Amino acid sequence: MLGEEQKAILNNMSLLEIIRNMPQEQVNEMIEELNNKLGEVPDTILSSAVIAEIKTEYEDIGIDTKKLQNDYIFFAGLRMLGVALLSMACAVIIMLLSSRVAAKLGKILREKVFKKVLKFSSSEFREFGVASLITRNTNDIAQIQNLITMLFRVVIYAPIIGVGGFFKVLSNKANSMAWIIGLAIILIISIVMILFIIAMPKFKKLQSLIDKLNLVAREILTGLPVIRAFNKEKSEEERFDIANKDLMKVNIFVNRAMSIMMPALMFIMNGITLLIIWSGAKGVDQGTMQVGDMMAFIQYTMQIVMAFLMISMISIMLPRASVSAKRINEVLETKESIKDAKETKELNKDKKGYVEFKSVSFRYPDADSEILNDITFTAKPGEVTAIIGSTGSGKSTIVNLIPRFYDVTGGELLIDGVNIKDISLKTLRDIIGFVPQKGVLFSGTIESNIKYSDKNMSDERMIEAAKIAQAEEFISAKQEKYNSEISQGGTNVSGGQKQRLSIARAIAKEPEIFVFDDSFSALDFKTDVKLRTALSEKTKDKTVIIVAQRISTILNADQIIVLDDGKIVGIGKHEELMKNNETYKEIALSQLSKEELE
């Protein structure tokens, strides 16, 4: 036991002096025991103790630690603010670039699809359907555009925050919990894959139902006068409602399936946070981990999970965009049935205006039988060739072969002495003035419609064409004359006016060959006579082919071709056919009396 005097001496000595006065063996034993005790102390506590001791030493030698801390916080804050501003600038640039790329891609795709569709023949239109082609050029491209807008941002941003988070986790002292991140990623990918499997078939059906809805809407709007005339508004509303409900049901199913994704992913995020806290709390309790390390690990984990969440969000848009891309690709990869030959031929100037059918036959795609059989005749310049026959005899089909709207399936069709399959489509259609059975006008003005073949056409040429077509009278009556507006489809003019403007458009083109597919049916007898008289002067050196239902229209034709069930049953002038052709005689007498015919 120490005496009072020894205690007083020890109290006046520093710890270092006491240790120096101790026997060496005792000092060694004390140091060894101290090392053993320090080995049991967690690193975090040792770090805290060392920091406190260093701080005390700094203060003892006159260093202002508070100022050092404040300066560090200030400059670290500035760096963080700079990184935040840089991140914001990058985000804005990425958004601008992604929007620009998506808009440009949408424009290019619409151009390609539209140009491709313009090359389609009637068989391709029949295969796809007009409503479906409209959907593919609008809704389907919009789906891809939306995906690109999001995808561009995610491809740039998600990997950066994901990789950054991984590096931080590896450098963090709490990296023993890295298995939790792996678990989170596996769960996220599993949810996304399940939703893919459920939603993908529905996305395919969704685009088909949009096609159907567009088809029904288009039919109803186009046929509105007929629907009203038959009081079928209610039944057509029901038909539209059925198509609309079918689309709605599939949309609801898809949206419900996809709406599960976000709550499920948020549940995973919150569950992962709880798992980290539960696992990290043990380390904090045992002193092997600091609370700050655990909070940093949570932050880095959320950063990695958010990167995968962003990628998974794309999966909501990806299936539908994938279906849309396939539908667009179908259009772009379709080979046109009617196209230019690899080597085209020049027109034969010695046979200018000649249209020769040589044993021509024709069958519509997927039809069971021939529509036309062994059609042989020649239409010459300076002559009017008329085609007449009963309904369904193939009159319109013959004239649709001339501009190559369809290709003959047998025999040959020659124009200017060259097979039309060997003539470029542009050259062929440049020399033909075609007036369809149903007059078609485009939104714009009367002038733009007549000058459709050449917008730089002179006004004199336009007015002359309008006069020949007997359209000058009603045009002059309008306040704006040739600048009068024509609505879409020509709905603000009568059927007769529409036909006359269509005829004027073909006359103004000044082609070699005129083809009129029952283009005088809406004209009264007086206008019909005036128009044909004026037309005969204009076309005296041209080839004129007229399809007609009325005998009065073709009485003075140089050559009348009589069709019956896709075959020619008579060729000749009116007088000859009245004597020798029973089919023609029946048609004539059904329309006019003997006296009128004579």
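We now turn to the structure provided with this report. Computed from a prediction, not measured in an experiment: that's the story for all the values here.

## Some details on the overall build of the chain
Then, number 1: Secondary structure summary: the chain contains 22 helices and 12 strands in total.
Then, number 2: Per-residue burial for the chain yields a buried fraction of 38% across its 598 residues.
Then, number 3: Across the chain, contacts joining residues at least 24 apart in sequence account for 75% of those joining residues at least 6 apart.
Then, number 4: As presented, the chain carries roughly 34,800 Å² of accessible surface, and 58% of it is formed by carbon and sulfur atoms.

## With respect to unusual backbone geometry
Then, number 1: The phi dihedral of Asp374 is positive, around 50°, even though this residue is not glycine.
Then, number 2: Here Asp374 is to be found in strand S2 (residues 372–379).
Then, number 3: For Glu510, which is not a glycine, the phi torsion comes out positive at approximately 55°.
Then, number 4: As for its placement among the helices and strands, Glu510 is situated in the loop between helix H17 (495–509) and strand S9 (513–517).
Then, number 5: Using a relative accessible area of 39% as the deciding quantity, one classes Glu510 as partly exposed.

## Observations concerning the sheet that holds strand S1 (residues 355–362)
Then, number 1: Strand order across the open sheet formed by 4 strands is S2-S1-S4-S5, with antiparallel pairing between neighbours. Each having just a single partner strand, S2 and strand S5 (418–419) make up the two edges of the open sheet.
Then, number 2: Relative to S5, strand S4 (residues 410–415) is paired through 2 bridges, and the arrangement is antiparallel. When the bridges of S5 are listed, Leu414 appears paired with Asn419.

## So, a nonpolar patch on the surface
Then, number 1: A grouping of Phe74, Phe75, Leu78, Leu81, Leu85, Met88, Val92 and Leu96 is seen on the molecular surface, where their side chains present a nonpolar patch of about 820 Å² in accessible area.
Then, number 2: Tracing the backbone shows Leu96 in helix H5 (residues 65–118).

## Some thoughts on the sheet that holds strand S10 (residues 543–547)
Hydrogen bonding along the main chain pairs the strands of a sheet, whether they run parallel or antiparallel.
Then, number 1: One open sheet holds the 6 strands; their spatial order is S6-S9-S10-S3-S11-S12, and the pairing between them is mixed. A single partner strand is all that each edge strand has here, and the edge strands are strand S6 (432–435) and strand S12 (567–572). Here the strands of the sheet are splayed against their neighbours by 15° on average, with no regard to which way each runs.
Then, number 2: Judged from the 5 bridges that link them, strand S3 (residues 384–389) and strand S11 (residues 559–564) form a sheet pairing that is parallel. The partner of Gly389 across the bridge, within S11, is Leu563.
Then, number 3: H17 contacts S6 and S9 of the sheet and is inclined by roughly 180° relative to S6.

## A word on the pattern of salt bridges
Then, number 1: A complete count under the given rule lists 16 salt bridges for this structure.
Then, number 2: Close ionic contact of Arg363 with Glu370 constitutes a salt bridge, the shortest N to O distance being 3.6 Å.
Then, number 3: Using a relative accessible area of 28% as the deciding quantity, one classes Glu370 as partly exposed.
Then, number 4: A salt bridge links Asp407 to Arg404, with the nearest nitrogen and oxygen atoms 2.6 Å apart. The residues Asp407 and Arg404 share a single accessibility class, namely buried.

## Some points on the side chain of Thr135
Then, number 1: With respect to the helices and strands, the residue Thr135 is situated in helix H7 (residues 130–171).
Then, number 2: Side-chain polar atoms of Thr135 contact the side chain of Asn214, separated by 2.6 Å.
Then, number 3: If we ignore the near neighbours within four places in the chain, the residues touching Thr135 are Asp140, Ile210, Asp211, Asn214 and Arg327.

## Let's talk about the packing of aromatic side chains
Then, number 1: Under the criterion given, the structure shown has 9 aromatic pairs.
Then, number 2: Geometrically, the ring pair formed by Phe74 and Phe75 is edge-to-face, given 5.4 Å between the ring centres and 75° between the ring planes.
Then, number 3: Every member of this aromatic cluster is reached through a ring pair, and the members are Phe362, Tyr364 and Tyr406.
Then, number 4: Taking the ring centre of Tyr354 as reference, the NZ or CZ of Lys351 above it sits at 5.5 Å.

## As for helix H21 (residues 582–591)
Then, number 1: Buried within H21 we find Tyr584, Ile587 and Ala588. End-on view of H21: buried residues confined to an arc of 95°, all on one side of the axis. Across H21 from its buried face, at more than 90 degrees, point the exposed residues Glu582, Glu586 and Ser590.

## Notes on the environment of Met266
Then, number 1: When you line up the elements, Met266 lands in helix H10 (residues 233–286).
Then, number 2: Exposure remark for Met266: the relative accessible area of 36% places this residue in the partly exposed category.
Then, number 3: Here the alpha-carbon distance between Met266 and Ile188, two residues 78 residues apart in the chain, equals 10.0 Å.

## Examining a negative patch on the surface
Then, number 1: Judged by side-chain charge, Glu25, Glu29, Glu32 and Glu33 come together as a negatively charged surface patch.
Then, number 2: Relative to the helices and strands, Glu33 resides in helix H3 (residues 24–40).

## Examining the pairing of S12
Then, number 1: For S11 and S12, the ladder comprises 5 bridges, and the chain directions are antiparallel. Directly across from Ile561, in S12, lies its bridge partner Ile571.
Then, number 2: In textbook terms, the turn of a hairpin is the stretch between consecutive antiparallel strands, and for S11 and S12 this stretch comprises 2 residues, one of which, Asp565, has a positive phi near 55°.

## Examining H5
Then, number 1: Here H5 is 54 residues long and its end C-alpha atoms lie 78 Å apart, about the 80 Å a rise of 1.5 Å per residue gives.
Then, number 2: Residues of H5 that are buried include every one of Thr65, Ala76, Ile94, Ser98, Ala102, Gly106, Leu109, Val113, Lys116 and Val117, and no others.

## What about the environment of Met193?
Then, number 1: The topology assignment puts Met193 in helix H8 (residues 178–222).
Then, number 2: A relative accessible area of 46% means that Met193 is categorised as partly exposed.
Then, number 3: Between the C-alpha atom of Met193 and that of Ser312, which follows or precedes it by 119 residues, the distance is 9.6 Å.

## Digging into the packing of H17 against helix H18 (residues 525–538)
Then, number 1: Relative orientation of the contacting elements H17 and H18 amounts to 5°, with a least axis distance of 13 Å. By the angle class used here, H17 and H18 are roughly parallel. Here Arg500, Ile503 and Ile507 of H17 come into contact with H18, specifically with Thr527, Leu531, Leu535 and Lys538.

## Here we look at the nonpolar core
Within soluble globular proteins, side chains that are nonpolar tend to cluster in buried spots.
Then, number 1: Of all hydrophobic cores here, the largest spans 43 residues; its most connected members are Ile450, Ile475, Leu501, Phe516, Ile554, Ile560 and Tyr584.
Then, number 2: Ignoring anything within four residues of it in the chain, the contact list for Ile560 reads Ala386, Ile388, Ile554, Gly570, Ile571, Gly572, Lys573, His574, Leu577 and Tyr584.
Then, number 3: Counting residues in hydrophobic clusters, the runner-up holds 38 residues, among them Leu213, Met269, Ile298 and Met302.

Quick notes on the rules
Residues numbered from 1 in each chain as written. Predicted model: local features only at pLDDT ≥ 70, side-chain atom pairs only at ≥ 80, totals over all residues. Heavy atoms only, no water. Helix = DSSP H or I, 4+ residues; strand = E, 2+ residues; numbered from the N terminus. Buried < 20%, exposed > 50% of the residue type's maximum accessible area, 1.4 Å probe, protein only. Contact = heavy atoms within 4.5 Å. Areas by Shrake-Rupley, 256 points an atom, 1.4 Å probe, with all protein chains shown as cover. Pairing = 2+ DSSP bridges. Patch = residues over 30% accessible without salt bridge, like charges linked within 9 Å, V, L, I, M, F, W, Y side chains within 5 Å. Salt bridge = Lys/Arg side-chain N within 4 Å of Asp/Glu carboxyl O. Axes fitted to C-alpha atoms, helices over the stretch in contact; angles between N-to-C directions. Polar contact = N/O pair within 3.5 Å; in protein donor to acceptor, adjacent residues only side chain to side chain. Phe/Tyr/Trp six-rings, centres within 6.5 Å; stacked < 30°, edge-to-face > 60°. Lys NZ or Arg CZ within 6 Å of the ring centre and 35° of its normal. Arc of directions from axis to C-beta. Lys, Arg positive; Asp, Glu negative; His and termini not counted. Charge placed at Lys NZ, Arg CZ, Asp CG, Glu CD. Expected span 1.5 Å × (residues − 1). Parallel < 35°, antiparallel > 145°, perpendicular 65-115°, else oblique. Core = buried A, V, L, I, M, F, W, Y, C linked by side-chain atoms within 4.5 Å.

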